[in-house]
There are 4 protein chains.
Amino acid sequence: MRNQRLRVFVAERDWDQFHSPKNLAMALSVEASELVELFQWLSEAQSAAPDEQLRRRAAEELADILWFLVRIADRLDIDLLAAAESKMVQNAEKYPAERVRGQSRKYDEY
Amino acid sequence: MRNQRLRVFVAERDWDQFHSPKNLAMALSVEASELVELFQWLSEAQSAAPDEQLRRRAAEELADILWFLVRIADRLDIDLLAAAESKMVQNAEKYPAERVRGQSRKYDEY
Amino acid sequence: MRNQRLRVFVAERDWDQFHSPKNLAMALSVEASELVELFQWLSEAQSAAPDEQLRRRAAEELADILWFLVRIADRLDIDLLAAAESKMVQNAEKYPAERVRGQSRKYDEY
Amino acid sequence: MRNQRLRVFVAERDWDQFHSPKNLAMALSVEASELVELFQWLSEAQSAAPDEQLRRRAAEELADILWFLVRIADRLDIDLLAAAESKMVQNAEKYPAERVRGQSRKYDEY
């Protein structure tokens, strides 16, 4: 996903020096928490019926997370879409539909 | 990014009942922390020179994060790529290259 | 809170080299996410009526968080209880009871 | 740690309705990320030599974390100090000094 463009953005600002995978992982987790913060005092039902302002703020946080995700994958030379594809196959095996239906436990608790 | 396929995966397991945006945001942040955990005791230099096992584990965590990201965007009816595009434009304005070069402060500290 | 004892534990293992405030903050956030993970697929009501196993696991995560909290405070030479006291006073001013009663917005949204 | 005083603070604001363990765990993890954010672009050495402003901001985040920690423990009827004591004993067994000295792997990797 547009690694190239993000590389240019970072290089123009001379930010590569800050972008170790360690630091990028921290930054991604901080963005994830900013998403959590939007929902923390809402009920689940409220979170599923966001008003326009909440949707817009959530969209910004999702975008931040995606950019850091793409950036880390680039720095670690990981093909993000191939990894996602592979994980989907793994998850289908770990969580067979007939066994886990309607349950939310982790696979090692089944 | 393949919302449709993920929807089928979730529907087959009857997991929609658990997938409020609130819960999905929590799950995404937990996956982000699993990524952080891989790097927490490493130096920045070590994190930038991962061995094959570390790269593989990082790839799995990145995949988990991406799936939850896609899932939340779908539940909130957000176009993830459009949001990323829009955020990139915003960031280019907030962080003009000539002003922030080589610095890591937040934009409101400039 | 028993900084001294924790210092000995860390020194005996020669772990000071890993315990920069940066790394300790990462570790604390990872433990916080392990707490979140216990509750992520539960309803709020379920989280408020934990069975014995859940309470025990939550207690372990709270303990991990507390130890890292004490450890960071020690490394940064911060008096944790004084900081908590001071924050309580600040919060009482930021969130006057008569103004915020029954509402959960952040103080800058009032 | 002063559960009683925190209970009064919350009751005066009628905030108990928001304080399920699930929500409090989210809030605690968000505060932990605000701590991480202070250090994310700093080197480990920089994080260990904070200026006065950074120390003050870190102290505020540590205080926020402690308050949510005390609050969750209270809601789950967990004795936080007893849990911390018990975890210390467990950790001494899981990580025998002579075996883990100078190493940072997780106990299940030894």
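The text that follows walks through the structure, step by step, so that each part is easy to find. (Residues numbered from 1 in each chain as written. Chains lettered and ligands numbered in written order. Predicted model: local features only at pLDDT ≥ 70, side-chain atom pairs only at ≥ 80, totals over all residues. Heavy atoms only, no water.)

## Some details on the overall build of chain A
A tally of regular secondary structure across chain A gives six helices and zero strands. The order of helices and strands in chain A, counted from the N terminus, is α-α-α-α-α-α. Expected size for 110 residues packed as a compact globule is a radius of gyration near 13 Å; at 18 Å, chain A overshoots this value by more than 25%. For chain A, the spread of C-alpha atoms along the three principal axes comes to 50 × 35 × 20 Å. Burial statistics for chain A: of 110 residues in total, 52% are counted as buried. Taking contacts inside chain A between residues at least 6 apart in sequence as the whole, the part at least 24 apart equals 62%. (Helix = DSSP H or I, 4+ residues; strand = E, 2+ residues; numbered from the N terminus. Rg over C-alpha atoms; globule rule 2.2 N^0.38 Å. Buried < 20%, exposed > 50% of the residue type's maximum accessible area, 1.4 Å probe, protein only. Contact = heavy atoms within 4.5 Å.)

## Some words on the packing of helix α1 (residues 3–12) of chain C against helix α4 (residues 52–75) of chain C
Residues and elements named next belong to chain C. Two elements in contact, α1 and α4, have axes whose closest approach is 10 Å; the angle formed by their N-to-C orientations is 90°. Between α1 and α4, the interaxial angle falls into the category roughly perpendicular. Of the residues in α4, those in contact with N3, L6, R7 and V10 of α1 are W67, V70, R71 and D74. Looking at the contact of α1 with α4 residue by residue, the classes come out as four nonpolar, one polar and three charged. (Axes fitted to C-alpha atoms, helices over the stretch in contact; angles between N-to-C directions. Parallel < 35°, antiparallel > 145°, perpendicular 65-115°, else oblique. Nonpolar A, V, L, I, M, F, W, Y, C, P; charged D, E, K, R; others polar.)

## Concerning the relation of the copies chain A and chain B
You can overlay chain A on chain B at an RMSD of 0.0 Å; the transform is a turn of 180° with a shift of 0.0 Å along its axis. The two molecules are tied by a two-fold rotation axis, judged by turn and shift. Residue S29(A), judged by its C-alpha, is the member of chain A lying nearest the rotation axis, at 3.1 Å. A symmetric contact is evident, with 100% of the interface residues of chain A recurring at the interface of chain B. (Least-squares fit on C-alpha atoms with pLDDT ≥ 70 in both.)

## Here we look at the interface of chain A and chain B
At the junction of the two partners, chain A supplies 65 residues and chain B supplies 65 residues. Between chain A and chain B the total buried area reaches about 5,700 Å² when both faces are included, carbon and sulfur atoms providing 66% of it. Linking chain A with chain B are six salt bridges. For R5(B), the salt bridge identified is with E85(A), shortest N-O distance 2.8 Å. Connecting chain A to chain B are 30 residue pairs in polar contact (both at pLDDT 80 or more). Broken down by secondary-structure element, the contributors of at least two residues to the side of chain A that touches chain B are α1 (3–12), α2 (21–39), α3 (44–47), α4 (52–75), α5 (80–94) and α6 (97–100) of chain A. (Buried area = accessible area lost by both parts, 1.4 Å probe. Salt bridge = Lys/Arg side-chain N within 4 Å of Asp/Glu carboxyl O. Polar contact = N/O pair within 3.5 Å; in protein donor to acceptor, adjacent residues only side chain to side chain.)

## So, the packing of aromatic side chains
Counted under the stated rule, the structure contains 12 aromatic pairs over all chains. Centroid distance W15(A) to Y95(B): 5.5 Å. Interplanar angle 75°. Geometry classified as edge-to-face. With W15(A) in the loop between α1 and α2 and Y95(B) in the loop between α5 (80–94) and α6 (97–100), this pair bridges two chains. The two residues W15(A) and Y95(B) agree in class, both being buried. Here the aromatic rings of F9(B) and W15(B) are separated by 6.1 Å at their centres, their planes lie at 70°, and the arrangement is edge-to-face. In terms of burial, F9(B) and W15(B) fall into one category: buried. For the cation-ring pair, R13(A) lies above F9(A), with the distance from its terminal atom to the ring centre recorded as 3.8 Å. (Phe/Tyr/Trp six-rings, centres within 6.5 Å; stacked < 30°, edge-to-face > 60°. Lys NZ or Arg CZ within 6 Å of the ring centre and 35° of its normal.)

## Here we look at the interface of chain C and chain A
Counting residues at the interface gives 12 residues for chain C, matched by 12 residues for chain A. Carbon and sulfur atoms make up 44% of the area that chain C and chain A hide from each other, which totals about 860 Å². Inspection of the region where chain C meets chain A yields zero salt bridges. Grouping the amino acids of the side of chain C that touches chain A by side-chain chemistry returns three nonpolar, three polar and six charged.

## Notes on helix α5 (residues 80–94) of chain C
Each α-helix winds once per 3.6 residues, and so residues spaced three or four apart point in a common direction. A rise of 1.5 Å per residue sets the reference length of α5(C), with its 15 residues, at 21 Å; its end C-alpha atoms lie 21 Å apart and thus fit the reference within 8%. Among the residues of α5(C), L80(C), A83(C), A84(C), K87(C), M88(C) and N91(C) are the ones counted as buried. The arc that holds the buried residues of α5(C), viewed along the axis, is 140°, so those residues lie on one side. Each element contacted by the buried residues of α5(C) is listed here: α4 of chain C together with α1 (3–12) and α4 (52–75) of chain D. In this structure D79(C) caps α5(C), since a side-chain oxygen of it lies 3.2 Å from the backbone nitrogen of L81(C). (Expected span 1.5 Å × (residues − 1). Arc of directions from axis to C-beta.)

## Re the relation of the copies chain C and chain A
For the pair chain C and chain A, the best superposition has an RMSD of 0.0 Å and corresponds to a rotation of 180° with a translation of 0.0 Å parallel to the axis. Interface overlap between copies is the fraction of interface residues in one copy that are interface residues in the other; for chain C against chain A it reaches 100%, indicating a shared surface.

## Digging into unusual backbone geometry
Phi at D77(A) takes a positive value of approximately 55°, unusual for a residue other than glycine. Along the chain, D77(A) falls in the loop between α4 and α5. Of note in this structure, D14(C) is not a glycine but carries a positive phi near 55°. Among the residues examined, D14(C) registers a relative accessible area of 39% and is labelled partly exposed.

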